[in-house]
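Residues per chain, in single letters:
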Amino acid sequence: MATTTVQKRWERALVVLLATLVGTAVAVCAPRSTAIAAPGLDAEWHHEADRTVALIQGVSRMAGLARSTTLELQDLRRSTDELITWAPELRTDEDDVLLRHLAAAQPFEALVAEVDAARAMFSAPAAEVAAVSTPDQRVQARLAENGREILHDAACESAHSLMTPEEVVEADEIGWRPHVRDLDLEPVAGAIVRFGQKSVSGFFGKDAVRLVSWDRFGQGMAEKISTYGEGLAGTVENPDPHSMFVFRTRAFVHYARTCLVPPR
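What counts as what
Residues numbered from 1 in each chain as written. Predicted model: local features only at pLDDT ≥ 70, side-chain atom pairs only at ≥ 80, totals over all residues. Heavy atoms only, no water. Helix = DSSP H or I, 4+ residues; strand = E, 2+ residues; numbered from the N terminus. Buried < 20%, exposed > 50% of the residue type's maximum accessible area, 1.4 Å probe, protein only. Contact = heavy atoms within 4.5 Å. Areas by Shrake-Rupley, 256 points an atom, 1.4 Å probe, with all protein chains shown as cover. Phe/Tyr/Trp six-rings, centres within 6.5 Å; stacked < 30°, edge-to-face > 60°. Core = buried A, V, L, I, M, F, W, Y, C linked by side-chain atoms within 4.5 Å. Salt bridge = Lys/Arg side-chain N within 4 Å of Asp/Glu carboxyl O. Arc of directions from axis to C-beta. pLDDT = per-residue confidence, 0-100. Disulfide = S-S within 2.5 Å. Polar contact = N/O pair within 3.5 Å; in protein donor to acceptor, adjacent residues only side chain to side chain.

Participant: Could you give an account of the overall build of the protein, naming the residues involved and the relevant values?
Facilitator: Looking only at helices and strands, the protein features 12 helices and 2 strands. Each helix (α) and strand (β) of the protein, taken in turn from the N terminus, gives the series α-α-α-α-α-α-α-α-β-α-α-α-α-β. Expressed as a percentage of the 264 residues in the protein, the buried residues total 39%. The contacts of the protein with a sequence gap of at least 6 include a subset with a gap of at least 24, amounting to 80%. Within the structure as shown, the protein displays about 15,800 Å² of accessible surface, and the carbon and sulfur contribution to it stands at 57%.

The following block contains the structure:
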């Protein structure tokens, strides 16, 4: 009788133990509820997305574009791409709005990167034209410097003329000095030749003027100016017309990044 009672007690204890172990295993192995796990991650994503959208709004204005460094803009673009990639699957309506703003900003950020890469291009075509215009290396160096100056100022004049009236007002209202020199020339071959001749003569004397094939220099620089000007036309494509980001002309970005000198 006693043996039977003890045996039953052990059986009941074993059942309780097994039930506890099974319950623990189920609790450990079962995936966490998305409703419980997601809010922390979603809140972090929303905070970063909101902050990034605010930064993009700032640099999409003339002053923000002109002041931002290339490295800052590269970091901002990386942040945008990462936030789009890691957007949570379960989103609120507010999250969706932020995600659309981030996607709409990508073409604008790509154009800014393109402009920053192009800013250094003035030296290469200027040196190329100078090299075919004269064998004299001293004169070549002077012509290359002239060409870089001409390209920069002609590009800035073109950009200013291609901006929308609203963008011109925005550029003028900040009151910063345009980074252009008073070359007093039209970007046509004849005017370019006269500027180059005056510069070369002033540095090396009138004899040096005869060392240059001025037709090649004038036509070559005029063609480079024309090619660069063609890249300034058009607007940034915005995939979401309802986005807070306004359409910007390519000229606006070029003018802000290339042609303005922020106050120190």
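Next comes the rest of the write-up.
Participant: Explain the packing of aromatic side chains to me, using residue names and the numbers behind them.
Facilitator: Any pair of aromatic rings gets described here by the distance separating the centres and the angle formed by the planes. Under the counting rule described, the total for this entry stands at 3 aromatic pairs. Taking 5.3 Å as the distance between ring centres and 50° as the angle between the ring planes, the aromatic pair formed by F122 and Y228 counts as tilted. Linking F122 in the loop between α5 (93–118) and α6 (123–133) with Y228 in helix α11 (residues 214–230), this pair joins segments that are 106 residues apart in sequence. Taking 5.8 Å as the distance between ring centres and 85° as the angle between the ring planes, the aromatic pair formed by W214 and F217 counts as edge-to-face. Of the two residues, W214 and F217 both sit in helix α11, 3 residues apart, roughly one turn of that helix. According to the relative accessible area criterion, W214 is buried, its value standing at 10%.

Participant: Please give an account of the nonpolar core that cites residues and values.
Facilitator: Membership of the largest hydrophobic core comes to 60 residues, with the highest contact counts inside it found for W45, M62, L143, M163, W214, V253 and Y255. If near-sequence neighbours (up to four positions away) are discounted, M62 is found in contact with M163, E170, A171, I174, F252, Y255, A256 and L260.

Participant: Please give an account of the pattern of salt bridges that cites residues and values.
Facilitator: Under the criterion given, the structure shown has 10 salt bridges. Close ionic contact of D116 with R257 constitutes a salt bridge, the shortest N to O distance being 2.9 Å. Of this pair, D116 sits in helix α5 while R257 sits in helix α12 (residues 250–259), and the two are 141 residues apart along the sequence. As far as burial versus exposure is concerned, D116 and R257 are alike and both buried. R248 is the salt-bridge partner of E170, the closest N and O atoms lying 3.1 Å from each other. A residue pair is termed long-range when its members are at least 10 positions apart, and E170 in helix α8 (residues 165–173) and R248 in the loop between α11 and α12 qualify at 78 residues. Residue classification places R248 among the buried residues on the basis of a relative accessible area of 9%.

Participant: Account for α6, naming residues and giving values.
Facilitator: Here α6 has its buried residues at P125, A126, V129, A130 and S133. Seen along its axis, α6 keeps its buried residues to an arc of 135°; they face one direction. The inward-facing, buried residues of α6 abut α7 (137–162) and α11.

Participant: Describe the confidence of the model for the protein, and please don't skip the residues or the numbers.
Facilitator: Considering every residue of the protein, the mean pLDDT works out to 80; 80% of them sit at 70 or more. For the stretch residues 13–40, pLDDT sits under 50, and the model shows 3 contacts to residues farther than four places along the chain or on other chains.

Participant: Go over the state of the cysteines with me, naming the residues and quoting the values.
Facilitator: Enumeration according to the criterion identifies 1 disulfide in this entry. Bridging C156 to C259, the disulfide has an S-S length of 2.1 Å. Because the torsion about its S-S bond is -95°, the bridge between C156 and C259 counts as left-handed. With C156 in helix α7 and C259 in helix α12, the pair connects residues that are 103 residues apart, well separated along the chain. The burial state of C156 is the same as that of C259; both residues are buried.

Participant: Give me the lowdown on the side chain of R142, citing residues and values where you can.
Facilitator: Structurally, R142 is set in helix α7. We classify R142 as buried; its relative accessible area is 15%. A distance of 2.8 Å separates the side chain of R142 from the side chain of S199, its partner in a polar contact. Look past the residues within four positions of R142 in its chain and what remains in contact with it is S199, V200, F203 and F204.

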